[in-house]
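Structural features, examined
What follows is each chain in one-letter form.
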Amino acid sequence: DGGDTSPRRNNNNNNRGPNLNSLPLEQGKIVTLLDKYGFIHCANRPMELFFHYSEYKVGHSDELNIHDEVEFRVGPASSPRGGGGG
């Protein structure tokens, strides 16, 4: 779906898009962790969602483990900065 995922306690009020706290809370499990991002297997969606560690606001990304159960909100996809589209 290409949406942004944000952790449950994200208090980021930077006026970028809708207030994520108004979006439904979803659940899933972390299935992949790479250098700066990972993927979550969603409980209520037939897909895995991408997340960037910068969206994790309740701790440090080193605390994340594969198979961790997580709660998150999915917002609209943001446009990449700088264009390029490659």
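Attention in this report is confined to the structure presented alongside it. (Residues numbered from 1 in each chain as written. Predicted model: local features only at pLDDT ≥ 70, side-chain atom pairs only at ≥ 80, totals over all residues. Heavy atoms only, no water.)

Secondary structure assignment for the protein chain yields 0 helices and 5 strands. Ordered by position from the N terminus, the helices and strands of the protein chain form the series β-β-β-β-β. Buried positions account for 26% of the 86 residues belonging to the protein chain. Once local pairs closer than 6 in sequence are excluded, the contacts in the protein chain between residues at least 24 apart make up 58%. As presented, the protein chain carries roughly 6,000 Å² of accessible surface, and 46% of it is formed by carbon and sulfur atoms. (Helix = DSSP H or I, 4+ residues; strand = E, 2+ residues; numbered from the N terminus. Buried < 20%, exposed > 50% of the residue type's maximum accessible area, 1.4 Å probe, protein only. Contact = heavy atoms within 4.5 Å. Areas by Shrake-Rupley, 256 points an atom, 1.4 Å probe, with all protein chains shown as cover.)

A separate point is the packing of aromatic side chains. Ring pairs (aromatic) are described by centroid distance and by the angle formed between their planes. In this structure the tally under the stated criterion is 4 aromatic pairs. Between Y37 and F39 the ring centres are 6.1 Å apart and the planes differ by 85°, which places this aromatic pair in the edge-to-face class. Its relative accessible area of 30% is what places Y37 among the partly exposed residues. Consider the rings of F51 and Y53, whose centres lie 6.0 Å apart with planes at 45°: the pair is tilted. Of the aromatic side chains, those joined through ring pairs into one cluster are Y37, F39 and F50. (Phe/Tyr/Trp six-rings, centres within 6.5 Å; stacked < 30°, edge-to-face > 60°.)

Of note in this structure, H67 is not a glycine but carries a positive phi near 80°. Structurally, H67 is set in the loop between β4 (48-52) and β5 (69-75). By relative accessible area, H67 is classed as exposed at 61%.

This paragraph deals with the pairing of β4. Working note: regular strand, side chains alternate between the two faces of the sheet. What you see with β4 is a clean split: L49 and F51 sit on the buried side and E48, F50 and H52 on the side with no burial. Relative to β4, strand β3 (residues 37-42) is paired through 5 bridges, and the arrangement is antiparallel. Within the sheet, the bridge partner assigned to H41 lies in β4 and is E48. Linking β3 back to β4 in an antiparallel pair, the connection comprises 5 residues. (Pairing = 2+ DSSP bridges.)

What follows concerns the pattern of salt bridges. Using the criterion set out here, one finds 1 salt bridge in the structure. With its nearest N and O atoms 2.8 Å apart, the salt bridge here joins R45 to E26. Of the two residues, R45 sits in the loop between β3 and β4 while E26 sits in strand β2 (residues 26-33), which places them 19 residues apart along the sequence. Using a relative accessible area of 23% as the deciding quantity, one classes R45 as partly exposed. (Salt bridge = Lys/Arg side-chain N within 4 Å of Asp/Glu carboxyl O.)

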